[in-house]
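A structural walkthrough
Chain residues, written in single-letter form:
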Amino acid sequence: MSAETSRGGSVPCRVVVCRDCCCGSPKVTGVDHGEQTTRLAESAPVRITDCLDVCDQANVIVVQPSSQGRAAGGRPVWFGLVNDSAATDDIAAWVRAGGPGLAALPEILSLYVFTPPRRARSGALVPPG
């Protein structure tokens, strides 16, 4: 079942991946950035964005709730320092399980969660056109 049709055909979770000045660049070593994006895209639609202005947290990934997750109270979850394949796999598994509002956040992922400054939140979560 694809991410598009999971959860009864509702709008699925979306994953926003920062890829600009720090995130997704050689400044963050030891990460195959392309592979990270590919693995996330296997679980949900992925949107690549310019700098989210939280460079001290590179690599940054934001999981937006599905329509059902938002209706259940889910809100976007920001993950920082996602610089190993296990963390990427854990995020992808959580998204497949339903993500924000529908699936409990695994304890291990709570280590990566951070609250971005307001200026970063407003620009990153504009729905795709």
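Relevant structure appears above.
I will try to describe carefully the structure that is included in this document. Bear in mind that the values here come from a model prediction, so they are computed numbers and not experimental data.

Inspection of the sheet shows strand β1 (residues 14–18) paired to strand β2 (residues 46–49) by 4 bridges, in the parallel sense. Paired with Val15 across the strands is Val46, a residue of β2. Taken together, β1, helix α1 (residues 33–41) and β2 form a β-α-β motif whose crossover is right-handed.

One can find Gln36 in helix α1. A polar atom in the side chain of Gln36 sits 2.9 Å from the backbone oxygen of Val82. Beyond its immediate stretch of four places on either side in the chain, Gln36 contacts Arg19, Val31, Asn59, Ile61, Val82 and Thr88.

Attention now moves to the pairing of strand β3 (residues 61–64). Every second residue of β3 is oriented toward a common face, with Ile61 and Val63 on one face and Val62 and Gln64 on the other, all of them buried. Pairing geometry for β1 and β3, over 4 bridges, is antiparallel. Counterpart to Arg14 in the pairing with β3 is Gln64. In terms of strand pairing, β3 meets strand β4 (residues 77–79) through 3 bridges, oriented antiparallel. Bridging across to β4, Val63 finds its partner in Val77.

Right, let's get into the sheet that holds β3. Spatially, the 4 strands line up as an open sheet ordered β2-β1-β3-β4, and their pairing is mixed. Every interior strand has two partners, whereas the edge strands, β2 and β4, have only one. Strand-to-strand, the axes of this sheet are offset by a mean angle of 20 degrees, without reference to chain direction. With respect to the sheet, α1 is in contact with β1, β2 and β3, its orientation differing from that of β2 by roughly 145 degrees. Against the sheet, helix α3 (residues 85–97) touches β1, β3 and β4, its axis set at about 5 degrees to β3.

Relative to the 18 Å expected for 13 residues at 1.5 Å per residue, α3 spans 18 Å between its end C-alpha atoms, a close match to the ideal helical length. Of all the positions in α3, only Ala87, Thr88, Ile91, Ala92, Trp94 and Val95 are classed as buried. End-on, the buried residues of α3 take up no more than an arc of 160 degrees, which puts them together on one face. Buried positions along α3 lie against β1, α1, β3, β4 and α4 (107–110). Of the residues trailing α3, Gly98 is marked for its positive phi of about 130 degrees.

Rules used in this analysis
- Residues numbered from 1 in each chain as written.
- Predicted model: local features only at pLDDT ≥ 70, side-chain atom pairs only at ≥ 80, totals over all residues.
- Heavy atoms only, no water.
- Pairing = 2+ DSSP bridges.
- Helix = DSSP H or I, 4+ residues; strand = E, 2+ residues; numbered from the N terminus.
- Right-handed = clockwise from strand over helix to strand, strands pointing away.
- Polar contact = N/O pair within 3.5 Å; in protein donor to acceptor, adjacent residues only side chain to side chain.
- Contact = heavy atoms within 4.5 Å.
- Buried < 20%, exposed > 50% of the residue type's maximum accessible area, 1.4 Å probe, protein only.
- Axes fitted to C-alpha atoms, helices over the stretch in contact; angles between N-to-C directions.
- Expected span 1.5 Å × (residues − 1).
- Arc of directions from axis to C-beta.

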